[in-house]
Amino acid sequence: MNDSSEKQSGLSVLDRPNSYIGKTVPRPNLGRLMQGRGQYVSDMVLPRMAHVVFLRSPYAHARILKIDATEAKAMPGVIAVVTGAELAKVITPWVGVLSHLKGLKSAPQHAIATDRACWQGEAVAAIVATGRALAEDAAELVSVDYEELVPVTDMRTALDPETPVIHPELGDNLAFERNLDAGAVDQAFKDSDEVVEAKFVFGRHTGVTLEPRAVLADWNSGEERLTVYLGTQAPHMVQNIAAMHLGLDEAQVRVVCKDVGGSFGIKVHIYADEMATLALSKLLRRPVKFVADRVESFNTDIHARDHVCKARIGVSKNGTINAFEIDDVTGIGPYSMYPRTSAIEANQVINLVGGPYTTQNYRARTRVVFQNKNVTCQYRGVGHPIACSITEGLVDLAAQRIGMDPIEIRRRNLIRDDAYPCGSPSGLKFEALSHHASLDKLIAMMNYDALRAEQAELRKRGIYRGIGIASFIEVTNPSAAFYGVGGARISSQDGVAVRLDATGRVICQTSITEQGQGSESLTAQIVGSVLGVSMGRVRVILGDTDNTPYGGGTWASRGAGIGGEAALQAAKVLRKNILDVAAAILQAKPHDLDIIDNAVVDVQGGQQRIELHELARVVYFRPDTLPPGFQPELMATRHFVPREYPFAFTNGIQASWLEVDTQAGFIKLLKHWVVEDCGTIINPQLVDEQIRGGVVQGLGAALYEHCIYDERGQLTNANMADYLVPMSGEMPDIDVGHIVSPTLDGELGAKGAGEAGTAAAAAAVTNAVNDALSPFNVTVTEIPLTPRVILTALGRI
Amino acid sequence: MTNPTPISLTVNGESVSAQVLPRLNLADFLREHLGLTGTHVGCEHGVCGACTVRVNGDIVRACLLLAVQAEDASVETIEGLSDSGEISDLQAAFQNRNALQCGYCTPGMLMAAQDILTHEPQADREQIREHLSGNYCRCTGYHAIVDAVEATARARSGQAR
Amino acid sequence: MKASAFSYTRASSVTDALDLLALHGDQAKVLSGGQSLMPALNLRLSAPALLVDIGAISELRGISESNGVLKIGALTRHVDILRSPDIAKHAPLLTEAIAYVAHPAIRNKGTIGGSLAHADPASELPACTIGLDAIIVVRGRNGERRIQAADFFTGIYETVLSPEELLVAVEMPVAKSNSAHFFHEYARRKGDYAIVGLAASGILEGDVFADLRLGFFAVGDRPLLAAASKHLTGKPVTASMLADAQAALDAELDPQEDQQASAGMRRYLARQLMARCVATLLGRPELDARPRA
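Quick caveat, the model's predicted, so the values are computed rather than measured. Within each chain, residue numbers correspond to sequence positions counted from 1 in written order. Numbering of ligands from 1 and lettering of chains from A proceed in the order in which they are written. Under the rules for a predicted model, residues below a pLDDT of 70 receive no local features and side-chain atom pairs below 80 are neither given nor counted, while totals for whole chains, interfaces and linings still include all residues. Think of the side-chain values as coming from all heavy atoms in the structure, minus any hydrogens and water.

Student: What is the right way to read the overall build of chain A from this model?
Tutor: Within chain A, the secondary structure is distributed over 20 helices and 29 strands. The globule rule used for comparison is 2.2 Å times the number of residues to the exponent 0.38, while the radius of gyration itself is calculated over C-alpha atoms. The C-alpha radius of gyration of chain A comes to 28 Å, within 12% of the 28 Å expected for a compact globule of 797 residues. Oriented by its inertia axes, the alpha-carbon framework of chain A measures out at about 85 × 75 × 45 Å. Burial status follows relative accessibility: with a 1.4 Å probe on protein chains alone, a residue under 20% of its type maximum counts as buried, one over 50% as exposed, and anything between as partly exposed. Burial status across chain A gives 68% buried among its 797 residues. Long-range pairs, those at least 24 residues apart, make up 80% of the contacts in chain A with a sequence separation of at least 6. In this count, Lys and Arg are taken as positive residues and Asp and Glu as negative ones, while His and the chain termini are left out. Every charge is mapped to an atom, namely NZ of Lys, CZ of Arg, CG of Asp or CD of Glu. Across chain A, the 75 positively charged side chains and the 91 negatively charged ones have centroids separated by 2 Å. Secondary structure elements follow DSSP: runs of H or I no shorter than four residues count as helices, runs of E no shorter than two count as strands, and numbering proceeds from the N terminus. Residues count as neighbours in contact if any of their non-hydrogen atoms are within 4.5 Å of one another.

This is how it looks when you write it as structure tokens:
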């Protein structure tokens, strides 16, 4: 801290008597959510509101020959039936590319398909009616003539010459390719005593937010303004995109984000059907609401993962890892998602493989291909679970090959805790990580040796349990390096405005958003701590482009680190301003004053001088009593973006303890541990719960979640009964521990924590399963780890 | 008939009469006719549990019950349980434990949690996990929810935590 | 999604319901607990013209025992079965099995009659009725039919019930002092439909099965009463008898492939369940030899 008054008191915002930073305090917004008084977009109703239902292509790839809506338009309650061509008159298409992903290409995508549907579920017409059920009734009467085209469904053959090209104008089905060759890979493999290879398969899965995507668009023709109520993680991004494609000025678009029923990256995008809803509101000059039903959610919410990666590791008998090499392919659907693109996940896989380890020898290739399935894009943990599963899977295989304990091989190869700053062969820069401290803490938490003894004892009785370890790094606090440098108007900086109101309470507007992570809480905690104001007196406003500073929002584990730092800086300015006012009123020197518990006090002795509500009363109602020429400023705004490092990397390690029923192929999770290092912890409970929630999403990927397409591109399990997500009955208790290495790129020192749980959970489980099955000489490198996968591996079926 | 049908029932202790289409399910009736939007709709096919309400004292999926089937029934929603104070301790435990994040599952989860606390007041963690296993939460990973329900069970039965 | 439009009527009695069904034929659907019908309606997989709600017919409720026969009314809810001391005493297999059926909120509405009439081959209760040698009682305007459970189910969601008949009750012999039962299913998560399941009951004379009824489910288009049990009765079970029974079971299964399992996996798991059942009922764990590395 460099504030002079605080230097005098010797206290930083972290250890002031009324500091909330580092303390578990309940989130301020829970009451309304628990009482059913939240307001989600799906709850909202506006006067003259109409409902839109989208008629969606039943084919993965088909030409639209003719749409006949005559009968549908005559149905009671139907307001309009709009085709893609008709809607294209009010909204322009887009292409999801970023210039820094060199060579990334995609085709123009329309809000509603105009002449061709490219995946099962792509909208081909919109039916707008006075009610959702009526619109669905009418949708059944819209007849569409399709010419079914050959679908491209298998990513492994998408680049074969005999495979049709989905967008002929692009030349081939290759959206993006990246190659990397660092160090001396061939020599390193040659020097290795053992080279272990494996093929890793990652199923396609999706976010399954409990509230489906929902948007309510209200074009007010009198104001010539569009208000968009949307459950989104990035309001300003949506404002920009909506304005650009609807031919509006950004000032004509307001995006409001109220309560959001789960996001996880699913709601950081703006979807074609949402864009269509905005266009329909403008076209029909009335509010139009779209709420995806669950089947639509599965067919159109972005999917993720779906990678097949051949990989190998070179290791010496002494445990030294000499090199990693991967050859990855992923299928992203027919378009690169706009505006964040669908190449980021593959790019991250290349960036992150081998990340925790010292070896600088690394070769990688990824190919990102088009296919006629739903679009994939950024979902919680982007690339991390894949990179981590590959890396940690290889490390365990190498350890097994040379007969070394999984802990020991990691000890010998994880980057030393005193080696920072340093970099990775893929060009990542690490400021300060704590792999070894994390490993030590994990071993203590899980009582590793005792667990190994228990495992050995049970194995004698035919009970097969396994321990799986997975170290990871996580990208957080992204600077402009993610999107801005590629030309996307997605802000990497965030802003916070703080003001003292006339009753001495604080109102704080922030550009980060809340979807349950605790953005509101952490902002109030920071502001309250810096100002010396009770948290209960700090009100946080977020999610409204008209009423918050401009900024990125809440995604990529950035809310606390970037939005939190902006809040800290804004509150510091306001604090100084308040003390200037107090000094003027009290005829004292600002640096002799402090604010504690909602009152200005003397630094020396702590005697209360003036309460904040009294100070505010003077400023707002009796400014005539202030010294001539003195202008109080009880509102302050600051913005922040990290500048020293493109990303603030965090690290951690996870462990899984589980039992495999080798007769039936079922896996029972018994316990899970996480040690992570997100730097300064603002609210320990919120961090722990982010970790736990993230872990369980990773466990879902490991055991259950899978978008299963058939060879014709039909998603065959697009409902909640057939797409399995983790439920309480099968999930383990999860212990979380922390190491704290603050980032110096900012005063707060906080890094992100939202995706760390997801990053390594599947890797830990897969390694544990392979540990459990090691007596059978079986290795599984495919998720989800279904009973069928296990029984097949064991040769039982 | 497919025409609106009159129904009379009690919702959160208040008498309600309405004309509803036979196809209207109870969740949509509560949300759209009565403005009780605390009952959430997550899947509409009875899997996610977000629409869990109490009908005649039993928890049910409101999306799997027609409004016309609720004739003469006593329906209780999260708004009713909150206003009566019946679950204020459980809600406090959820708050203290941060057993909710986005909050979308929470009304249904509280309904299911209150159900086990009523029927199996001595339930252990495994029984709690099993009882809640029809209610999907995507945010928390369930651990905190189980903690909060367990803490409430212990507090209600007068045991130290 | 929202359900298609339909008409709705509440039957006041079985006679009233049968009159309505006779009038509307297959345009009508019976609404009991609705826990399978409502999802189908909401997903527009089913669009009947009329729903006949039988939920208010009190004569279809209740559990009673007389003369060694346990009778369960069609409208008896899963939760009623779960909590019934009569069922726990006279048909403990049902008490055990019902806990595997979905989740509490579903069990509070779902009925035994609805579950049996729906005839999902992966659901628990149809197999239980087979395992317990139950009689399914159906009524039409021309009177009552009493159908052996093993003859009732004819295919996926298909039974011998005609669109104009109503399933009114299930009857089964009460458990004897030397009755034994076994229930287990392999399911991905608690409350999910089974990948393979087994509802079994037997009569034990000493260490010998005098009778053994094995009701497998999720192994074909309907629950299966395994004839293979004949290899296990009448004399003390040996490993080779069990192997013969498993082979015979394999021969009579016709499992389907789906996202959870291949046909071969279902055959494998059914054989495993048979061994587990026999070992459990006889208290001979060695018959259920778990794989060792």
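That was the structure; now back to the text.
Student: Just checking my understanding: could you explain the packing of helix α16 (residues 559–586) of chain A against helix α17 (residues 612–621) of chain A for this structure?
Tutor: Angle between the axes and distance between the axes: these two values describe a pair of packed helices. Residues and elements named next belong to chain A. One way to put it is that α16 packs onto α17 with a least axis distance of 11 Å and a crossing angle of 80 degrees. Classified by the interaxial angle, the pair formed by α16 and α17 is roughly perpendicular. Contact residues: I578, V581, A582 and I585 in α16; L612, L615, V618 and V619 in α17. Under this grouping Gly is polar, as are all residues other than the nonpolar Ala, Val, Leu, Ile, Met, Phe, Trp, Tyr, Cys and Pro and the charged Asp, Glu, Lys and Arg. In terms of residue class, the contact of α16 with α17 is made up of eight nonpolar, no polar and no charged. In this analysis an axis means a line fitted to C-alpha atoms, helices contributing only their contacting stretch, and an angle means the value between N-to-C directions, from 0 to 180 degrees. Roughly parallel covers angles under 35 degrees, roughly antiparallel covers those over 145, roughly perpendicular covers 65 to 115, and oblique covers all other angles.

Student: Help me understand the domain arrangement of chain C, please; the structure alone is not making it clear to me.
Tutor: For interface size, the figure often reported is the accessible area lost on association. As annotated, the domain borders come from an automatic or database domain assignment. Segmenting chain C into domains produces domain 1 (7–53), domain 2 (58–173) and domain 3 (179–288). The gap between the C-alpha centroids of domain 1 of chain C and domain 3 of chain C is 36 Å.

Student: Just to check I follow, could you spell out helix α11 (residues 263–282) of chain C for this structure?
Tutor: Helical geometry note: an α-helix holds 3.6 residues per turn, so side chains three or four residues apart project in the same direction. All names here are of chain C. A helix is expected to span 1.5 Å for every residue after the first. In this model α11 runs 29 Å from its N-terminal to its C-terminal C-alpha over 20 residues, within 8% of the 28 Å that 1.5 Å per residue would give. A large share of α11 lies buried, amounting to 15 of its 20 residues. Count one or two residues on from α11 and you reach G283, which has phi positive near 65 degrees.

Student: Sorry, what's going on with empty space enclosed by the protein here?
Tutor: Gaps between atoms show up when a probe of the same size as a water molecule is rolled over them. All names here are of chain A. Computed over the protein atoms alone on a 1 Å grid, cavities are sets of points where a 1.4 Å probe fits but cannot get out and pockets are open sets with protein on both sides within 12 Å along at least five of seven lines; a residue lines them when it has an atom within 4 Å of a point. Grid points are joined across faces, edges and corners, and a volume is the space filled by probe spheres set on the points. For the structure on display, the rule yields nine cavities of 30 Å³ or more. Estimates place the volume of the largest cavity at around 680 Å³. Elements with a contribution of two residues or more to the lining of the largest cavity: α10 (344–352), α15 (519–531), α16 and α18 (684–703). With three residues, α18 is the single largest residue contributor to the lining of the largest cavity. Here the lining of the largest cavity is built from residues that sort into 18 nonpolar, 20 polar and five charged. In this model, the second largest cavity occupies a volume close to 170 Å³. Considering only residue class, the lining of the second largest cavity consists of 12 nonpolar, five polar and four charged. Residues from two domains meet in the lining of the second largest cavity; each of domain 2 (41–149 + 212–260 + 266–300) and domain 3 (303–480 + 644–793) gives at least three.

Student: Which parts of the structure should I look at to understand the environment of L132 of chain C?
Tutor: Residues and elements named next belong to chain C. Mapped onto the fold, L132 is located in the loop between α8 (124–131) and β6 (135–140). For the pair formed by L132 and I106, sequence separation is 26 residues and the distance between their alpha carbons is 24 Å. Setting aside residues up to four positions removed in sequence, L132 forms contacts with A91, L93, L94, M172, P173, S201 and R213.

Student: Hey, could you run me through the domain arrangement of chain A in this one?
Tutor: Residue and element names in this part refer to chain A. For chain A, the assigned domains read domain 1 (4–38 + 493–640), domain 2 (41–149 + 212–260 + 266–300) and domain 3 (303–480 + 644–793). The C-alpha-based centres of domain 1 and domain 3 are spaced at 38 Å. At the interface, 28 residues of domain 1 touch 24 residues of domain 3. Buried area is calculated as the accessible area (1.4 Å probe) missing from two parts once they are joined, with the contributions of both summed. Each partner contributes to the roughly 1800 Å² buried at the junction of domain 1 and domain 3, and carbon and sulfur atoms together form 56% of this total. For domain 1, the biggest contributors to the area lost against domain 3 are T24, Q517 and S557; these three give 27% of the whole. Between K572 and E747 there is a salt bridge, and its shortest N-O distance comes to 2.8 Å. Just to be clear on terms, a salt bridge is a Lys or Arg side-chain nitrogen sitting within 4 Å of an Asp or Glu carboxyl oxygen.

Student: Sorry if this is basic, but what is going on with the sheet that holds strand β22 (residues 593–596) of chain A here?
Tutor: Think of a sheet as strands paired side by side through backbone hydrogen bonds, with each pair either parallel or antiparallel. Residue and element names in this part refer to chain A. Here, a strand pair is defined by DSSP locating no fewer than two bridges between the strands. With respect to topology, three strands assemble into an open sheet ordered β22-β23-β24, the strand pairing being antiparallel. Since the sheet does not close on itself, it has two edges, and those belong to β22 and β24 (608–611), each with one partner. Ignoring strand direction, the axes of neighbouring strands in this sheet form an average angle of 30 degrees. Here three bridges tie strand β23 (residues 599–602) to β24, and the two strands are oriented antiparallel to one another. Its bridge partner lying in β24, A599 is registered against E611.

Student: Explain the nonpolar core here, please?
Tutor: The nonpolar side chains of a soluble globular protein tend to be buried with one another. In terms of nonpolar packing, the biggest core is built from 232 residues, with L87 and I390 of chain A together with F94 and V149 of chain B touching the most fellow members. Of all the elements, helix α19 (residues 756–772) of chain A adds the most residues to this core, at 11 residues. Look past the residues within four positions of F94 of chain B in its chain and what remains in contact with it is M34 of chain A together with A99, L100, T106, M109, L110, I145, A148 and V149 of chain B. Within the second largest apolar cluster, 47 residues are counted, among which are Y20, L522, V600 and L615 of chain A. In these notes, a set of buried Ala, Val, Leu, Ile, Met, Phe, Trp, Tyr and Cys residues joined through side-chain atoms within 4.5 Å is what counts as a nonpolar core.

Student: When you look at the interface of chain B and chain A in this model, what are you seeing that I'm missing?
Tutor: The interface of chain B with chain A comprises 45 residues on the first partner and 50 residues on the second. Buried area between chain B and chain A, summed over both chains or domains, comes out near 3900 Å², and the portion from carbon and sulfur atoms is 54%. Looking at the side of chain B facing chain A, the largest losses of area belong to Q101, Y136 and R138 of chain B, adding up to 20% of the total buried there. For D733 of chain A, the salt bridge goes to R129 of chain B, with nearest N and O atoms at 2.8 Å. Under the rule applied, a polar contact is a pair of N or O atoms within 3.5 Å (in protein, one hydrogen donor and one hydrogen acceptor; residues adjacent in sequence only if both atoms are side-chain atoms). The tally of links between chain B and chain A comes to 32 residue pairs in polar contact (both at pLDDT 80 or more). Residue assignment for the side of chain B that touches chain A shows that the elements contributing at least two residues are α2 (78–84), α3 (88–97), α4 (106–119), α5 (125–131) and α6 (143–156) of chain B. Sorting elements by how many residues they give to the side of chain B that touches chain A places α3 of chain B first, with five residues.

Student: Even after reading the chapter, I still don't get the interface of chain C and chain A, so can you show me in this structure?
Tutor: In this complex, chain C contributes 29 residues to the contact, which on the side of chain A involves 37 residues. Summed over both partners, the interface of chain C with chain A comes to about 2800 Å²; 52% of that surface belongs to carbon and sulfur atoms. The three residues of chain C that bury the most area against chain A are R188, R189 and Q259 of chain C, which together make up 28% of that side's buried surface. Across the contact surface, chain C and chain A share four salt bridges. Taken together, the connections running from chain C to chain A amount to 16 residue pairs in polar contact (both at pLDDT 80 or more).

Student: Mind showing me how you'd approach the packing of aromatic side chains here?
Tutor: Pairs of aromatic rings are described using the distance from one ring centre to the other and the angle between the two planes. Ring pairs are drawn from Phe, Tyr and Trp, using the six-membered ring of Trp, whenever the two centres fall within 6.5 Å, and their geometry is named by plane angle: stacked under 30 degrees, edge-to-face over 60, tilted for the rest. One pass over the full model with this rule turns up 16 aromatic pairs over all chains. The interplanar angle of 80 degrees and the centroid separation of 5.0 Å between the aromatic rings of F54 of chain A and F290 of chain A together place this pair among those described as edge-to-face. Note that F54 of chain A is positioned in strand β1 (residues 50–56) and F290 of chain A in strand β12 (residues 288–291), a separation of 236 residues in sequence. Centre to centre, the rings of F183 of chain C and F217 of chain C are 5.7 Å apart; their planes meet at 25 degrees, and the pair counts as stacked. Here F217 of chain C lies in strand β13 (residues 208–217) and F183 of chain C lies in strand β11 (residues 179–186), a separation of 34 residues in the sequence.

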